[in-house]
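What the coordinates show
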Amino acid sequence: NLVDTSIFWGLTGSYLGNYGAPDGFCFDVLCDDAPLVGLDDDQLYKRVLEFMKDVQVQANRTKGTNIMLTMGSDFQYSQSAYNFENMDLLMSIINDMEQNFTSILFPEYDGIHAFYSTPENYTQ
């Protein structure tokens, strides 16, 4: 619906014009960022904590309690299975450790739940 421009604000203005993944979390084979798959538990936790700090920055720029993170730019899903394998792992860790991340980084929220969505769902 082009009448509702809030989706365009979410994809441009509030995200400083960037709709790619946070720095260090581009999992496309054309990116230089290290994958999460294959890391040991300590390394994985550190990387997910880095990601959650980026989520915290975005939360401070976002109205409401839903935070949309965009995870890809043009031509960054050339091997989508590789991308989704890393994002699935990222979301799994976030959801498994929800209480830890909520108490450390987001005490003002009741909880954190990471999931795939669409801009349309975010703006409803």
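Everything quoted here is computed from the prediction, not taken from an experiment.

**Notes on the overall build of the protein chain**
Summing up its helical and strand segments, the protein chain has 5 helices and 0 strands in all. Reading the protein chain from its N end, one meets helices and strands in the order α-α-α-α-α. Residues classed as buried in the protein chain amount to 33% of the 124 residues present. The long-range share in the protein chain, meaning contacts at least 24 apart out of those at least 6 apart in sequence, stands at 66%. Looking at the protein chain as shown, the accessible area adds up to about 7,900 Å², and 53% of this sits on carbon and sulfur atoms.

**Some details on the side chain of Arg 47**
Note on placement: Arg 47 falls in helix α2 (residues 41-61). Leaving out residues up to four positions away in the same chain, Arg 47 has contacts with Gly 24, Phe 25, Phe 27, Ala 34, Pro 35, Leu 36 and Leu 39.

**Details of a nonpolar patch on the surface**
Together, Val 29, Leu 30 and Tyr 82 make up a nonpolar patch on the protein surface, roughly 280 Å² of accessible area in all. Turning to its location among the elements, Tyr 82 is positioned in helix α3 (residues 80-96). On the basis of relative accessibility, which here comes to 31%, the residue Tyr 82 falls in the partly exposed class.

Cut-offs applied
- Residues numbered from 1 in each chain as written.
- Predicted model: local features only at pLDDT ≥ 70, side-chain atom pairs only at ≥ 80, totals over all residues.
- Heavy atoms only, no water.
- Helix = DSSP H or I, 4+ residues; strand = E, 2+ residues; numbered from the N terminus.
- Buried < 20%, exposed > 50% of the residue type's maximum accessible area, 1.4 Å probe, protein only.
- Contact = heavy atoms within 4.5 Å.
- Areas by Shrake-Rupley, 256 points an atom, 1.4 Å probe, with all protein chains shown as cover.
- Patch = residues over 30% accessible without salt bridge, like charges linked within 9 Å, V, L, I, M, F, W, Y side chains within 5 Å.
- Salt bridge = Lys/Arg side-chain N within 4 Å of Asp/Glu carboxyl O.

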